[in-house]
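Chain and residue survey
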Amino acid sequence: LTGTLPTEVKRNVEQSSILLYPNPANEFIEISQLPQSCTTCLQVSIHGMDGKLWIREKLLHQNTSCKINLTSLPKGSYVLSIQQEAATIMTYKLIH
């Protein structure tokens, strides 16, 4: 078996300080302390445990926080990931 995995997780001290709250969440989730050194847009994706994409939002690089509306999501567990330049920089388990 040769090749590379399609998803790469990059972490550094600045990215490790990203906060996601509240978790469990009801109507909104707040993501703060996003890296200020981003030179490209960040993207936030929320997938169900079955892999279905529920939410995808692009963030401008000058934003260091964002609020995401979760009212369209059924109650359950999700995977929230933050991507930069097609690489996942952080992944969280989200309970709604």
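One can find the structure itself at the top, above this paragraph.
Residues numbered from 1 in each chain as written. Predicted model: local features only at pLDDT ≥ 70, side-chain atom pairs only at ≥ 80, totals over all residues. Heavy atoms only, no water.

**Notes on the side chain of Ser81**
Heads up, the condition is: The helix count covers DSSP runs of H or I at least four residues long, the strand count covers runs of E at least two residues long, and both are numbered beginning at the N terminus. Summary of the burial criterion: residues with accessible area below 20% of their type's maximum are buried, those above 50% are exposed, and those between are partly exposed, where the area comes from a 1.4 Å probe applied to protein chains only. Under this definition, polar contacts are N or O atom pairs within 3.5 Å; protein pairs additionally need one hydrogen-donor-capable and one acceptor-capable atom, and for neighbouring residues in sequence, both atoms have to be side-chain atoms. By definition, residues are in contact when any of their heavy atoms lie within 4.5 Å.
For Ser81, the location among the structural elements is in strand β6 (residues 77-84). Ser81 gets classed as buried once you look at its relative accessible area, which sits at 8%. A polar side-chain atom of Ser81 sits 2.5 Å from a polar atom in the side chain of Gln83. Every residue in contact with Ser81, bar those within four places of it in the chain, is listed here: Gln43, Val44, Ser45, Thr88, Met90 and Thr91.

**Concerning the environment of Lys58**
The residue Lys58 is located in strand β4 (residues 53-59) in this model. Along the chain, Lys58 and Gln84 lie 26 residues apart, while their C-alpha atoms are 9.9 Å from each other. In contact with Lys58, other than residues within four places in its own chain, are Leu42 and Gln43.

**Topic: the pairing of strand β3 (residues 42-48)**
Working note: regular strand, side chains alternate between the two faces of the sheet. Heads up, the rule is: Following DSSP output, two strands are said to pair if at least two bridges run between them.
Of all the seven residues making up β3, six are buried; the element is thus mostly covered by neighbouring parts of the structure. Counted between consecutive antiparallel strands, the loop separating β3 from β4 contains four residues, among which Gly51 sits at a positive phi close to 95 degrees. Pairing analysis gives seven bridges linking β3 to β6, with the strands arranged antiparallel. Among the inter-strand pairings, Leu42 is bridged to a residue of β6, identified as Gln84.

**A short note on the sheet that holds strand β2 (residues 28-32)**
Here is the rule: Only the contacting stretch of a helix is used when fitting its axis, a line to C-alpha atoms as for every element, and angles between N-to-C directions run 0 to 180 degrees.
Judged by pairing direction, the sheet is antiparallel, and its three strands sit side by side in the order β1-β2-β5 without closing on themselves. With partners counted over all chains shown, the strands left at the sheet margins are β1 (19-21) and β5 (65-69), one partner each. Averaged over all pairs of adjacent strands, the angle between strand axes in this sheet comes to 15 degrees, irrespective of strand direction. Of the strand pairs in this sheet, β1 and β2 are connected by three bridges, and their pairing is antiparallel. When the bridges of β2 are listed, Tyr21 appears paired with Glu30.

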